[in-house]
Amino acid sequence: IVVALTEGLVADIAKGSNLQLLGTYVASSLCWAISAGAKNEKIKSVDDLKGATFAVSRYGSGSHLMAGVLASQQGWGKDAVKFKVVGAFKALRDSVNSQDTDVFMWEHFTTKPFHDSKEVKRVGEIYTPWPCFMLAARSDVAKAKAAAFKSVLAAVGEAAEIFHRESKTMPKFISENYKLKLEDAEKWYQGVNIVATPVIPAEAIKKALEALQSSGVLTPSNYAKPKPLEEFVFKELASLSDSKLLPSPKPIVVAYWKIRGLSAPLRMMCSYANCNWTSVDYPAKMNEDGTVNKECWFVHAKPKILPKCPVLNLPYVVDPASGEVITQTVACILYLAQKLNLQGPDTSTVGLAKMMQLVCEAQDLRNAGVKAFYGRGDPDSYMKGSMPNHYSKFEAWLKGTSSTFLLADTPTAPDFHFWEMVDQNERFAVEMKTDSFLKPYPNIAKYHKDFMALPELKGYFSGPFYQYDCNNPHAKYPMPYKA
Ligand SMILES: N[C@@H](CCC(=O)N[C@@H](CS)C(=O)NCC(=O)O)C(=O)O
């Protein structure tokens, strides 16, 4: 059984090898850093690479193919880049430093130590638009050993789960074993999604085939007739899916104040889906005179983004594919729900409307709570009026459903918004030195506990975002984390 770059396997199978895919190993994309010689003044960014010579380890390698993908993404045309085979990683670095070639591409984190030491210069990056590693085997061997393969693949799947579950120890282990800075190992660990599943998105094979053709690795002479996608897969053990959830080529950006506030549901949705995402957090600070300083957003960041979205507010989400900016919490939740497949089981018009009615109900609860938290409303009327009013509705909803969460046994979009408010209210109870608000609501209490036990959110709950204050520092109750 082999684990290899998706594009390499797809190329091999397309050309007629007897390999077949057994599953997706890493569902996230791979970031290829583009590096030039440290002293090469002519190359500063990707814009300078049209016509450049790319050093590659061998023809058909990732370093070769991704240069072709870059050229086609940039619209440079087929022969706009040249290639020279120079060998492995050190040879690639030496080649750009002697300016025998202009640039080379190599995986981001393994190249980073050489960027940090300034041996080579980073001039850009490109992400594979498909899950980056697949599992494969020779089909005759897979056929002969199908039962054993099945057990091996199940064990690999289990190991992948352990890898993601051990979020406290894994980054340190990786940093020590692969000689990466701890912060880099943490970043890699956060972004990688090892799934080891026997399911392969058909779209991944299609996209890799397109790239292989447009970069000239597959030609009419070595790939004359399109091969049906089913033939790429060893169907006794693996299947094709029509999921559109390919890794985002760039991370989804979720931006907000450096607090939980309205952004926590968005951050949790991304963490839960384990997608390629990043959080941009603007810190509001208190001035000595007791006023609040929000310059980092209003003065420095907002004016630059405003032309893209005249109704811009915090939070906002940036679509990685188009660069579109989406603002308003409810719209951001809807966007992420669709992008991350968290809309719930019923995606008909009625199903989606029912899903959104719960999101909006949670938003009403949020709007009532925030008045009390920031001292614009009476805490008592929140605790004794609007909060119980909303809680009774959700309690009745949960009582009336047989599912663990609002719409299914796994969390969907409204759960992230509602759960967050339940949890923030529990912090408010601590501030107000009162009992848990959940005592009269057994169904919400169980729901709150079940959500917190989700293995997919273990990293989130032990990580920094959950430990942020709930509110900005000028709030009457900032509601800090208490372990
Ligand atoms: N209805 C909006 C409210 C957004 C909002 O009030 N954002 C506040 C923080 S909670 C803010 O500081 N916005 C920054 C701005 O106005 O640019 C939503 O749900 O997203």
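Residue positions are given per chain, counted from 1 along the sequence in the order it is written. Where local features are concerned, this predicted model is filtered to residues with pLDDT of at least 70; where side-chain atom pairs are given and counted, the filter is 80 or more; whole-chain, interface and lining totals use all residues. The side-chain values count all of the structure's non-hydrogen atoms but skip hydrogen atoms and water molecules.

Peer 1: Please explain the site of the ligand as it appears in this structure.
Peer 2: Within the structure, the ligand sits among Tyr-256, Trp-257, Leu-262, Trp-297, Phe-298, Lys-302, Asn-313, Leu-314, Pro-315, Gln-328, Thr-329 and Gln-363. A 3.5 Å cut-off defines polar contacts: any pair of N or O atoms within that distance qualifies, except that in protein one atom must be a possible hydrogen donor and the other a possible acceptor, and neighbouring residues in sequence count only when both atoms are side-chain atoms. In the model, a nitrogen atom of the ligand is placed 2.8 Å from a nitrogen or oxygen of the Gln-328 side chain. Within the side chain of Thr-329, a nitrogen or oxygen atom sits 2.7 Å from an oxygen atom of the ligand. Residue-level accessible areas treat just the shown protein chains as cover; the underlying method is Shrake-Rupley with a 1.4 Å probe. Alone, the ligand offers 500 Å² of accessible surface; in the complex the protein occludes 72% of this. The way it works is that DSSP assigns letters per residue, a run of H or I at least four long becomes a helix, a run of E at least two long becomes a strand, and they are numbered from the N terminus. Elements supplying a minimum of two residues to the shell around the ligand: β12 (252–257) and α11 (295–305). Looking at the shell around the ligand element by element, the count peaks at three residues for α11. For this purpose, a residue is taken to be near a molecule or strand whenever a single non-hydrogen atom of the residue falls within 4 Å of it.

Peer 1: Would you mind going over the pattern of salt bridges with me for this structure?
Peer 2: A side chain with one charge may pair with a side chain of the opposite charge, provided their charged atoms come close. We define a salt bridge as a contact between a side-chain nitrogen of Lys or Arg and a carboxyl oxygen of Asp or Glu at a distance within 4 Å. All told, the structure shown has 17 salt bridges when counted by the stated rule. Of the charged contacts in the structure, one is a salt bridge between Lys-84 and Asp-100, with a shortest N-O distance of 3.0 Å. Here Lys-84, found in strand β5 (residues 82–85), pairs with Asp-100, found in the loop between α3 (89–97) and β6 (103–107); they are 16 residues apart in sequence, far enough to count as distant. By sharing partners, the salt bridges in this structure join Lys-112, Asp-116, Lys-181 and Asp-184 into a single network.

Peer 1: Looking at this structure, I do not really get the side chain of Ser-279. What am I missing?
Peer 2: Counting through the fold element by element, Ser-279 comes out in strand β13 (residues 277–282). For the exposure calls, accessible area comes from a 1.4 Å probe over protein chains only, and a residue counts as buried if that area is under 20% of its type's maximum, exposed if over 50%, partly exposed in between. Among the residues examined, Ser-279 registers a relative accessible area of 18% and is labelled buried. At 3.2 Å, the side chain of Ser-279 forms a polar contact with the side chain of Arg-267. A polar atom in the side chain of Ser-279 sits 2.6 Å from the side chain of Asp-281. In this description, contact between two residues means that some pair of their heavy atoms is separated by no more than 4.5 Å. Setting aside anything within four residues of it in sequence, one finds Ser-279 in contact with Val-254, Arg-267 and Phe-465.

Peer 1: I'm lost on the packing of helix α4 (residues 108–116) against helix α8 (residues 182–191) in this one. Help?
Peer 2: In helix packing, the relevant descriptors are the interaxial angle and the interaxial distance, both defined with respect to the helix axes. Following both chains from N to C, one finds α4 and α8 inclined at 150°, their axes separated by 11 Å at the closest point. Here α8 runs roughly antiparallel to α4, going by the angle between their axes. Here α4 runs over α8; the crossing is right-handed. Across from Phe-109, Lys-112 and Asp-116 in α4, the residues of α8 making contact are Asp-184, Lys-187 and Trp-188. A class-by-class count of the residues in the contact of α4 with α8 yields two nonpolar, no polar and four charged. To define axes, lines are fitted to C-alpha atoms, for helices over the stretch in contact only, and angles between the resulting N-to-C directions are given on a 0 to 180 degree scale. The cut-offs work like this: below 35 degrees is roughly parallel, past 145 is roughly antiparallel, 65 to 115 is roughly perpendicular, and the gaps in between are oblique. Should the near helix be turned counterclockwise from the far one by less than a right angle, the crossing is left-handed, whereas a clockwise turn marks it as right-handed. For this classification, Asp, Glu, Lys and Arg are treated as charged, while Ala, Val, Leu, Ile, Met, Phe, Trp, Tyr, Cys and Pro are nonpolar and the rest, including Gly, are polar.

Peer 1: Explain the UniProt feature "domain: GST C-terminal" (unreviewed entry) in the chain here, please?
Peer 2: UniProt positions are given in the numbering used here, feature names are shortened, and annotations may be inferred rather than shown by experiment. As recorded in UniProt, the sites labelled "domain: GST C-terminal" (unreviewed entry) are residues 348–479. Secondary structure content for residues 348–479 is 64% helix and 0% strand, and the end C-alpha separation is 39 Å.

Peer 1: Help me understand the domain arrangement of the chain, please; the structure alone is not making it clear to me.
Peer 2: How large an interface is tends to be reported as the accessible area lost when its parts come together. These domain boundaries are the output of an automatic or database domain assignment. Entries for the chain in the domain assignment read domain 1 (2–28 + 131–241), domain 2 (32–68 + 75–126) and domain 3 (252–467). With centres defined by C-alpha atoms, the gap from domain 1 to domain 3 works out at 34 Å. Across the contact, seven residues belong to domain 1 and four residues belong to domain 3. Regarding the contact of domain 1 and domain 3, the summed buried area is about 470 Å², with carbon and sulfur atoms giving 37% of it. The interface formed by domain 1 and domain 3 includes zero salt bridges. Counting every contact that joins domain 1 to domain 3 gives zero residue pairs in polar contact (both at pLDDT 80 or more). Across the side of domain 1 that touches domain 3, the residue classes tally to one nonpolar, four polar and two charged. Summed over both partners, the accessible area lost on bringing two parts together, with a 1.4 Å probe, is the buried area.

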